[in-house]
Structure formats: structure tokens, C-alpha cells
Amino acid sequence: MNTKIVRIDDENDTDYVDSVLKEAGDIIKNGGLVAFPTETVYGLGGDGLNPKSSAKIYAAKGRPSDNPLIVHIPDMSYLEKITKDVPQVAYEIAQKFWPGPLTMIFNKSDMVPYETTGGLDTVAVRMPSHKLARAFIKEAGGYIAAPSANLSGKPSPTTAKYVAQDMDGRIDMIIDADGVEIGLESTILDMTSEVPTILRPGFITQEMLSKVAGDIDMDVTILSDSSGQAPKAPGMKYRHYAPKGELVLIEGEPEKVVKYINEKTKEHMARGQRTGIIGSSEFEGMYQADSIKIAGTLADTQAYARALYTFLREFDDENIEYMYAHSFESTGVGVAIMNRLLKAAGHRVEKI
Ligand code: TXA
Ligand code: MG
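Residues numbered from 1 in each chain as written. Chains lettered and ligands numbered in written order. Predicted model: local features only at pLDDT ≥ 70, side-chain atom pairs only at ≥ 80, totals over all residues. Heavy atoms only, no water.

Engineer: How should the pairing of strand β7 (residues 122-126) be read in this particular structure?
Structural biologist: The side chains of a regular strand alternate, first on one face of the sheet and then on the other. Counting buried positions over the five residues of β7 gives five, a clear majority of the element. Alternating positions in β7 separate into two faces, Thr 122, Ala 124 and Arg 126 on one and Val 123 and Val 125 on the other, with burial throughout. Two elements, strand β4 (residues 70-72) and β7, share three bridges in a ladder whose sense is parallel. Bridging from a neighbouring strand, Val 71 pairs with Val 125 of β7. (Buried < 20%, exposed > 50% of the residue type's maximum accessible area, 1.4 Å probe, protein only. Helix = DSSP H or I, 4+ residues; strand = E, 2+ residues; numbered from the N terminus. Pairing = 2+ DSSP bridges.)

Engineer: For this particular structure, what's the right way to read the site of ligand 1?
Structural biologist: Surveying the vicinity of ligand 1 reveals 28 residues, the closest of which are Thr 40, Arg 63, His 72, Ser 186 and Gly 235. Within the side chain of Thr 40, one N or O atom sits 2.7 Å away from an oxygen atom of ligand 1. Measuring from an oxygen atom of ligand 1, one finds a side-chain N or O atom of Arg 63 at 2.8 Å. Contact with the protein chains hides 98% of the accessible area of ligand 1, taken as 690 Å² for the molecule alone. When residues of the shell around ligand 1 are traced back to their parent elements, those giving at least two are β4, β7 and β11 (197-200). The biggest single contributor to the shell around ligand 1 is β7, with three residues. Per-class residue counts for the shell around ligand 1 are 15 nonpolar, eight polar and five charged. (Near = heavy atom within 4 Å. Polar contact = N/O pair within 3.5 Å; in protein donor to acceptor, adjacent residues only side chain to side chain. Areas by Shrake-Rupley, 256 points an atom, 1.4 Å probe, with all protein chains shown as cover. Nonpolar A, V, L, I, M, F, W, Y, C, P; charged D, E, K, R; others polar.)

Engineer: Looking at this structure, I do not really get the packing of helix α7 (residues 160-167) against helix α10 (residues 301-317). What am I missing?
Structural biologist: Between two packed helices, the angle of one axis relative to the other and the distance separating the axes together describe the packing. Where α7 meets α10, the closest approach of the two axes is 12 Å, and the angle between their N-to-C directions is 55 degrees. Classified by the angle their axes make, α7 and α10 are oblique. For the pair α7 and α10, the crossing hand works out as left-handed. Residues Tyr 162, Gln 165 and Asp 166 of α7 lie in contact with α10, whose contacting residues are Thr 310, Arg 313, Glu 314 and Asp 317. (Axes fitted to C-alpha atoms, helices over the stretch in contact; angles between N-to-C directions. Parallel < 35°, antiparallel > 145°, perpendicular 65-115°, else oblique. Left-handed = near helix turned anticlockwise from the far one by under 90°. Contact = heavy atoms within 4.5 Å.)

Engineer: What am I meant to see in the side chain of Thr 103 here?
Structural biologist: Tracing the backbone through its elements, the reader meets Thr 103 in strand β6 (residues 102-108). The residues contacting Thr 103, other than those within four sequence positions of it, are Ile 70, Ala 124, Val 125, Arg 126, Ser 186, Thr 187, Ile 188 and Leu 189.

Engineer: Hey, could you run me through the pattern of salt bridges in this one?
Structural biologist: Pairs may arise between side chains of opposite charge once their charged atoms sit close together. Taken as a whole, this structure holds 13 salt bridges when the rule is applied. For the salt bridge of Arg 126 with Glu 39, the shortest nitrogen-to-oxygen distance reads 2.9 Å. Of this pair, Arg 126 sits in strand β7 while Glu 39 sits in the loop between β2 (34-36) and β3 (43-47); the two residues are 87 residues apart in sequence, bridging distant segments of the chain. Each member of the pair, Arg 126 as well as Glu 39, is classed as buried. Bridged by salt links that share partners, the residues Arg 7, Asp 9, Asp 176 and Asp 178 form one connected network. (Salt bridge = Lys/Arg side-chain N within 4 Å of Asp/Glu carboxyl O.)

Here it is as C-alpha cells:
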């Protein structure tokens, strides 16, 4: 299959943008697949109400089909057709955080095929804040099922270049545009449990949700692999976001962590092994490794989140075999970063 890559930026006039969105929307309506930017990561979109489209998405990603897809909608008027029993508090949460990087899980209506929900009676729904994404979803009929646009097991793509690296030849079209600002996937909130429960942490934090909705639980598996339980979001059980080399997180006083990491990389380099570090700008110039990646200070969680998946992909491109990163405090957006880092590291953490 020939994948058409279309760049849209501020230079383009509305007629051009409209014509691209119409073409992309028609592809979806005809059962095809289009990758598109959202404020979190790129999505791999198909018609969420068409079982054949969902099957195609799984095939393009190489993803197990028991892993349900998120259905993306352009505005609130599209919610009730695909859901049942939406609790009042969900409307209050939506009022505050939609459109935005939050996915909510509800009981599904008969409209939604089991192929889209991985056989579940619930459906995950998200209304992205990315304007172009919403315009595209509307043009495509209003219900776009979209996982992140990476091959299964790779970090979610935050640029069209990485979408193309994984999806070229596998899908009909890639819309390349700016505005992928957050860099980590949306927070997933299960609204079908008695107390709304975070199944995947993201930019919208437990603290933020609690302010609107009171008690909010967090799936115990988010930061621990020793709870002996399976994650409630089926996709969270897979070893995701994994770079090819071995990543270890180092927990401790930041100065000591820098020193310890340098000792480790020195040992590897003496053995001729290629090393990488994700560091903090306070210590810029002090790290020793073949590849050093710095997004900002560790306190600048937004910059770190935005860059993390790019760093992991670059390490692969540079054939880095051993990687080290500071471990993160598990508060605010740090929970989401630590959750992704732990997965990328296969839960290898050293406390010093
Ligand atoms: O930011 C995002 O959410 C991005 C962009 C493209 O919107 N999408 C994304 O989709 O991250 P994906 O497929 O890579 O991750 C969806 C996660 C999976 O872990 C899946 O198991 C979970 O959502 N999920 C989907 N529907 C569910 C349901 N009904 N119950 C529990 N978990 C569900
Ligand atoms: Mg994904």
C-alpha cells in the first residue's frame, strides 16, 4: 500500500486544509486508515463503528485484538450514541477537562462493535483538544477508533517522522501537523467502577480530577509490578515503550545519582558497550556517555514528558545498549512519567 503523507501548517489556507480533511474523512468512511496528530501523541485512526476498520487497525499495528481501542469524538453531542449509563459526575469532569488529554470509560451502546472494544461491554471515549484532530474526526463521521500510531511494543510517536517509520506502507494516509505538545498518552479514567479509577496516568492528574469529582482511585499496577494483579486496562499489561537496549532507573539524591550513573557508563564503555543517559539540565556537562539526552530540569515535568518517547526512539537509532535515567517522584505528572519509564525499563530500578 502506498501511504500518502500530507503536511499541514499555518501557511496553508482553509480551502487547502478543508480539502485534505475531506480526503482523510472519505478514507475513514470507506474503511481505510489515517494517522493524525492529537495533543498527546499521534493516533492511528479508523471508523470506530466499522468492525472491519478495527480489524485493520490491529493488523497495521501488529497488536493483539483483545486490547481495546479508544473512540475519539469531536464534541459532546456525539457521546450518548455510543455509551449507556453515563453518570452525572462524568459530565462535570467533561465540562472541566474535555476537550483535552483525558479518556473516560463507560458502558457501551449496541452501536459500538466488539471488534473496537476488544470484546468488552465498555468503551473508552476521548475528545482531543487538538483542533485539527477534532475537525478530522467530525469530517470522518464523528467516531474515530485510534490507538497510538506506533507498531505494538514501540514508544508512541510524537512526530510524523516516527509515524512514517512504523506505518509507511501499512496505512492510507498520514496527516503531519504541529501541536503534539504533551508527548504522553491521555489519562484513562474508568467511570464504570464505584469510585472513578485511573487506569493509566497522564497529564490530567489524580489531584486535578479529585478537585472536580472527589474520591478518585488509582489502579495499583500503575507503579508496581509486584502487586500480583493484572492491570484493568488490557493494554497496560504489555511491555510497552521498550527501547532495544536495557534501561535502568536510578533512585536517590540527584548528585549521587549522577556520580553513580557515570561509574556505570564507564564500566560499560570499558567493555566497548554503547551507553546513553537521560539527564537533568542542572548537571549538564557532568554526564559521561555516548549519548546524553536532556529536556530540562527534572522539575520541568512537561518538557521531560514531551521529549521522553523521542529520546527512547533516538537511543534505538543510535544503537545504544545500556541506558540510565533518574527515577521520578510519584506526584503530579511525575506519576505518568514514572509509569512510562518503569515500563521502558522493565521495572529495573536501583536505589542508591
Ligand atoms: O492519548 C491517547 O490516548 C492516544 C491518542 C491517539 O488519543 N491513544 C492511545 O491509545 O494511547 P492506545 O490504544 O495506545 O491506548 C489505549 C489504552 C490501552 O491500554 C487499552 O487497553 C485501554 O486504553 N482501553 C481502551 N478501552 C478500554 C476499556 N473499555 N476498558 C479498559 N481499558 C481500555
Ligand atoms: Mg499505545
